[in-house]
Structures are given as C-alpha cells and as structure tokens.
Amino acid sequence: AKAISLVALELGWKHIAAIFVNDVYGNSYIGDIQQAAGQAGLTVLTSQKYTSGDEDSIAQAVAGLQAARARIIVCIAYSVDVEHIMQRAAALGLVGPGYAWLTGDSVQDPQSVVRQSSNPAAMRTWLSGWLAVYPAPFAGARGARFEEVWQEERAEDLGNALLQTFHQETPVQEEECSDFCGFIYDSVWAAAFAMDLCVKEHGQRLDKSRLIEYLRDTQFEGATGTVSFDDKGDRSHAGMAVSLRNWITASSSKGGVDPAPDPKVIGGGTGGEGLEVHSVVVGEWEVYMGLTRAVQIEPVWPGGLSGWDHVPHDGHACANGTVFREDSLQCEKCEEGTAEKDGVCVACPAGTHAPERGLTHCLRCKDGFADEPGRSLCTRCPPNHILPEDSHGISEEDCRCLPGFLPGCKVPIWQVGLAHVW
C-alpha cells in the first residue's frame, strides 16, 4: 500500500481513486492506502467499495469512479470480479488512452483472468497497460541462492528429526517456486528466531503470551530482503523490495506486441488465440532508494503508448491557469476571455476581461466596459469619458464625462467661459 502511493507520486500522479472489494482484505488494504496517501501528500479522489460477485454493486462502484473524474485507478479486487469491473469501466469510458490502472497482489496472473473471461479479446485489451505493485519474491544474493536451492532440493533433505518428520512423510515440491515461496520461507524463520529468543529468556518453557513481542523484535536478512516488523506486527517495508510490473499483450508465436481489439467491446468477439498477457518487471521500489526504473524495458500504457515519457496524466494536477483537456490528454492554458477556477476554464463575467491565456482570475475594466461574458478586451469608453472606480463596467452607460465638460461630454467648460469673455 505504501509502495503504491509513493510509486504514484514518482510517476507524477497526485490524484488517484480506488475500487476495492468489501471484505477484510479489501478494507484493510484501502485503509493502508488512504493512510499512506495522506502521509505522502497524495489525494484520494474517491474510494468505491463493492461486494464480490455482485454486478450491481460493481456497476455502482465504477460509476463512482467516473463521477470523481478518476484517471489513475487502484483496483483491489479478486480475479473473478475483474471482468465485470472492466466491462463497466469500458462502458463508461474509463479505459484506453489517458487512463492507468494499478493493482496489488490480489491479481498476479493476468492471463488466467483472460482465460476465464467470456470475451478474451476484449479482456486482453482492457488489461494491457496495467501496473501491478507488490513485494518482489526474492531480493539480493540470498534470494538468488534460495531459487537455486529450490531447484536442487532432494526429498531426503526435507526431514527434521527434532520435529519428528521424515522425508517419506514430506511431499517433494516439483513445481516452480511461486512468488510466495520466499515469504513462506522467511516467515518460518521469523517464527523460529522468535521462539529461540523466547526459549533463551524463559528456559525450555515457551511463553506464548510473549511470543508476539519477541517476533516484533526479530530482524534478519532473508530470501525476500531484510525481515523486520512494525509496532502492529506487520512486515516492515524497510529493506523489502517491491516489484513494479507491467501487463503487456504479446503473441506467444510472434513474440511481439499485437494490435488489440476495440476496448469498448462488451460481449462477443473472437478468442484471439495465440495472444497472451504477460507480466514484466519495469521497475523496483525500495523505501530508501525510491523507484528504480528498468533501463532496457519500458512500460506500455493503456491505448498502446509506451515509455516513461508517456505516463498518463492524472487529470487533476495541473498548474494554476491550466486545465486538463480530454482531446490532448494534457494540461493546457485557459483561453483568452476565460480564467481557471477549480480546474475549469470559466468565462469572465460582464465587466471583466482576460487579455491573455493562462489567467487564474479575470481583470476589471479600467478605461472601458465589457457588456458580455467571455471578453478578452474591454470596449473603450467614448471620447471624453471615463469609467468611475465604483462602476461595474458592464455597459456604455457606466461611462461618465470627464471632469470639466459640459453635459454631452463634447465641450469643455473652459471653452465656454473663454468665448463669453471675448
């Protein structure tokens, strides 16, 4: 959760939104994201919860994202719900160029989501360009050694006489090590170290009431990095690497990125055999080093653009005097005759004007009037007229004669007086 918030900031995003499953996992995750975002100065536009398997609640949650004008969306969802979420998002135009979707560790295999989808072709399009942020399965030399040992493990090495288990009773792991292997390994060692400290303190009797206290004090270098715990008993992010993964659509036969179908397709379509969604590492985040971007691999964004120079804009963090444009997907200055207010270009009211682009407030007419909204220039008062300071300047009637002129503002008083003397 902390990594998602800080990665978002490093990508230039200051406003995000979230959709999350309404259960213990989702509520805990979104709570951590909101806390981390607040500490980092990141604005969470909205957090929309849904009930797993309930299409109506999913539709309502996605509609909430649209109402908040969200463009950077964190999706804390289970694989079985992703299709319904993306169907609604596509229907409301929340996919494709100018959008970014991030997820945590709840969906680690995007291709399985594609295979289970009723429309694999559309699902590949919707998932292509997603970012997945979750702890790296291995870190450093110890992680590399762990992977090596996993491949070399023999059944007779798995026995433990102290625990009275023998290799005949222990199934041999023949599958590849998943992303959780390192964490399981380190969690067992963390428990062992905590129990060791407890036994040393209290003799052979294991004081269960104090075991958690000893666990919090445990720290060691494991397969997944430095293992330590915070005051709540959660794994500390310090010393733990987090992978930034990008989901890309590629052909298993051609080896390249393939054109994708229309992202707004909801039903039907072809299966698109041969196309797969791969997860590739495009960066790594660590609390002390921040985000390290991959050099040889650039991210692909929804809609097909690629590279760190094409990171989608969050649609909100524009400079003063500028607003986000849907057509260019960039921040642009407000036009003449308008001023930026709360992220929107507003026409200057009558009596004011905006003589140049990029203003944050309209200027009062000084020597003339603006008789309609949206004026870039004021109309000058007639000759021998001025605009009083207390005037609204919304019509020619607001102009007044210069001091020293007769009614009608054409003849100065001094000329009349001179003619009389002559």
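Owing to the predicted nature of the structure, the values given are computational and were not obtained by experimental measurement.

1. Comments concerning the packing of aromatic side chains
Now for step 1: Counted by the stated rule, this structure contains seven aromatic pairs.
Now for step 2: Consider the rings of W13 and W301, whose centres lie 6.4 Å apart with planes at 75 degrees: the pair is edge-to-face. Within this pair, whereas W13 is found in the loop between α1 (2-10) and β1 (15-21), its partner W301 is found in the loop between β10 (290-293) and β11 (322-325), the two being separated by 288 residues in sequence. In this pair, the class of W13 matches that of W301, namely buried.
Now for step 3: With a centroid separation of 5.5 Å and 10 degrees between ring planes, the pair formed by W101 and W130 is classed as stacked. One end of the pair, W101, is in strand β4 (residues 100-103); the other, W130, is in the loop between α6 (120-127) and β5 (131-135), with 29 residues separating them in the sequence.
Now for step 4: Residue W101 is classed as buried on the basis of its relative accessible area of 1%.
Now for step 5: On the accessibility criterion, W130 (1% relative accessible area) is buried.
Now for step 6: Following the ring pairs from residue to residue traces out a cluster consisting of Y25, Y29 and Y78.
Now for step 7: Over the aromatic face of Y99 sits the side chain of R71, whose NZ or CZ is 4.4 Å from the ring centroid.

2. A short note on helix α2 (residues 24-40)
Now for step 1: For α2, built from 17 residues, the straight-helix expectation of 24 Å at 1.5 Å per residue is met to within 8% by its first-to-last C-alpha distance of 24 Å.
Now for step 2: Along α2, the residues that are buried comprise G26, Y29, I30, I33, A36 and A37. One side of α2 carries all its buried residues, which in axial view fall inside an arc of 130 degrees. For α2, exposure combined with an orientation more than 90 degrees from the buried face picks out V24, G38 and Q39.

3. Here's the deal with the pattern of salt bridges
Now for step 1: Counting across every chain of the model gives five salt bridges.
Now for step 2: For D196, the salt bridge goes to K200, with nearest N and O atoms at 3.1 Å. Here the residue D196 and the residue K200 both occupy positions in helix α8 (residues 181-202), the gap between them amounting to four residues, near one helical turn.
Now for step 3: Of the residues examined, K200 reaches a relative accessible area of 64% and is grouped as exposed.
Now for step 4: Between E335 and R357 there is a salt bridge whose closest N-O contact spans 3.6 Å.

4. Some words on the pairing of β1
Now for step 1: For β1, the tally of buried residues reaches seven of seven residues, placing the bulk of the element in the interior.
Now for step 2: Of the two faces of β1, the one carrying H15, A17, I19 and V21 and the one carrying I16, A18 and F20 are both buried.
Now for step 3: Here six bridges tie β1 to strand β2 (residues 43-50), and the two strands are oriented parallel to one another. Paired with F20 across the bridge in β2 is K49.
Now for step 4: Read from β1 through α2 to β2, the crossover connection turns out right-handed.
Now for step 5: Of the strand pairs in this sheet, β1 and strand β3 (residues 72-76) are connected by four bridges, and their pairing is parallel. Each bridged residue has a counterpart across the sheet, and for A17 the counterpart in β3 is I73.

Rules used throughout
- Residues numbered from 1 in each chain as written.
- Predicted model: local features only at pLDDT ≥ 70, side-chain atom pairs only at ≥ 80, totals over all residues.
- Heavy atoms only, no water.
- Phe/Tyr/Trp six-rings, centres within 6.5 Å; stacked < 30°, edge-to-face > 60°.
- Helix = DSSP H or I, 4+ residues; strand = E, 2+ residues; numbered from the N terminus.
- Buried < 20%, exposed > 50% of the residue type's maximum accessible area, 1.4 Å probe, protein only.
- Lys NZ or Arg CZ within 6 Å of the ring centre and 35° of its normal.
- Expected span 1.5 Å × (residues − 1).
- Arc of directions from axis to C-beta.
- Salt bridge = Lys/Arg side-chain N within 4 Å of Asp/Glu carboxyl O.
- Pairing = 2+ DSSP bridges.
- Right-handed = clockwise from strand over helix to strand, strands pointing away.

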